[in-house]
Amino acid sequence: EKFKRGLEKTRDSFAGKVNDLIARYRKVDEEFFEELEEILIASDVGVATVMEFIDELKMEVKRRNIQDPKDMYSVISEKLIDIYQAGGDEKIELNIQPSGLTVILFVGVNGVGKTTTIGKLAHKLKNEGKTVMLAAGDTFRAGAIEQLEVWGERVGVEVIKQSAGSDPAAVMYDAIQAAKSRNVDVLLCDTAGRLQNKVNLMKELEKVRRVIEREVPGAPHEVLLVLDATTGQNAMSQAKTFKEATNVTGIVLTKLDGTAKGGIVLAIRHELNIPVKFVGLGEKVDDLEPFNAEQFVYGLFA
Ligand code: GDP
């Protein structure tokens, strides 16, 4: 239900248009496909993904000899799920180690909801019985450390920090030592998100990674890229930059509740080959849900 509620805007817009399309046509013809194509592009599904989707859809319609537009609901849903899953193996579950310290690194530009997501995930993991600690690795943005502390207090987990402007790699080192000595299960690490200087971003991420890799064998166990769904194709270009800068293992797509263009989920998965692990569906601590393509697509028409 939370999923459905969070998708309201996209559902109203996307399903509204598809319902209207299906009501207006008496048979599934070339024009029908053209209109559907426009609806998908307007929902931020992404041109390349849409083209492939429409081709597949046409083949399926032909194969099943579908003529009545009303029969298109199920085919559209099935093919949308297919196009998402064609992106690769589904590994939605976080790679949490059965024993020892798990380190999860968060990357993404400022304002996308990184801090909020870290807070929400800390809460979720804590509810699952894990001990959690946060590392204030964004030492660059004014207020970032304090904001993480607010979340730490709110969900009742410790935050390891240094002063603003200090070396993020040093913060990570401290945090890892603290996490080990307190037998913490999961360390969630914030990082700075300035994209203006790609070389610096890469260098900083590399340095942070090196410390983590050295101090915890096998870590980081996840590198989660946080993207803001309301920024559409901009989110896509951020994803490409971060993918070049570091090995991203999953995406958290925030503010899905704030956009009518939720189709970006499909585009991101399909064009980048990185699984969407969580979606942000609001500003509250509970508004983080594991992503599920079937729930998402069926939720659009429900
Ligand atoms: P950061 O700069 O990336 O750390 O971003 P913040 O965590 O400070 O979030 C920026 C703003 O986005 C805040 O006002 C958050 O409440 C809001 N926000 C974060 N995630 C979501 C979400 O899933 N839905 C909505 N509606 N707002 C969100």
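Where an unreviewed UniProt entry is consulted, the chain appears under the name Signal recognition particle receptor FtsY, with the organism given as Anoxybacillus pushchinoensis. Turning to the chain, the UniProt annotation filed under Sequence similarities (unreviewed entry) states: "Belongs to the GTP-binding SRP family. FtsY subfamily." Annotation of the chain in UniProt includes, under Function (unreviewed entry), the sentence "Involved in targeting and insertion of nascent membrane proteins into the cytoplasmic membrane. Acts as a receptor for the complex formed by the signal recognition particle (SRP) and the ribosome-nascent chain (RNC)."

A. Spatial organisation of the confidence of the model for the chain. Residues of the chain with pLDDT of at least 70 account for 98%, and the chain-wide mean is 93. Across the assembled chains, the prediction reports ipTM 0.99 with pTM 0.94.

B. Broad picture of the pairing of strand S6 (residues 250–254). Here S6 lies mainly inside the structure; five of its five residues are buried. Here S6 shows two buried faces, one formed by Gly250, Val252 and Thr254 and the other by Ile251 and Leu253. The pairing of strand S5 (residues 222–228) with S6 spans five bridges and is classified as parallel. Bridging from a neighbouring strand, Leu225 pairs with Ile251 of S6. Running through helix H10 (residues 233–245), the crossover from S5 to the neighbouring parallel element S6 is right-handed. When S6 meets strand S7 (residues 276–280), the two strands line up parallel, connected through three bridges. Along S7, the bridge assignment pairs Val252 with Phe278. A crossover connection joins S6 to the parallel S7 through helix H11 (residues 264–272); in handedness this β-α-β unit is right-handed.

C. Representation of the environment of Asp71 in the model. Here Asp71 lies in the loop between helix H4 (47–64) and helix H5 (72–85). Under the relative-accessibility criterion, Asp71 is labelled partly exposed at 41%. In this structure the C-alpha to C-alpha distance between Asp71 and Val61, which are 10 residues apart in sequence, comes to 9.5 Å.

D. Up close: the packing of aromatic side chains. Considering all chains together, one arrives at five aromatic pairs under this definition. For the pair Tyr84 and Phe291, a centre-to-centre distance of 5.2 Å together with 50° between the ring planes defines the contact as tilted. On the criterion of sequence distance, the pair formed by Tyr84 in helix H5 and Phe291 in the loop between strand S8 (288–290) and helix H12 (293–301) is long-range, its members being 207 residues apart. Residue Tyr84 is classed as buried on the basis of its relative accessible area of 0%. On the basis of relative accessible area, Phe291 is assigned to the buried category, the value being 3%. Ring centres of Phe291 and Phe296 lie 5.4 Å apart, and the angle between their planes is 55°; this geometry places the pair in the tilted category. Judged by its relative accessible area of 0%, Phe296 falls in the buried class.

About the cut-offs
Residues numbered from 1 in each chain as written. Predicted model: local features only at pLDDT ≥ 70, side-chain atom pairs only at ≥ 80, totals over all residues. Heavy atoms only, no water. UniProt positions renumbered as here; feature names shortened; annotations may be inferred. pLDDT = per-residue confidence, 0-100. Buried < 20%, exposed > 50% of the residue type's maximum accessible area, 1.4 Å probe, protein only. Helix = DSSP H or I, 4+ residues; strand = E, 2+ residues; numbered from the N terminus. Pairing = 2+ DSSP bridges. Right-handed = clockwise from strand over helix to strand, strands pointing away. Phe/Tyr/Trp six-rings, centres within 6.5 Å; stacked < 30°, edge-to-face > 60°.

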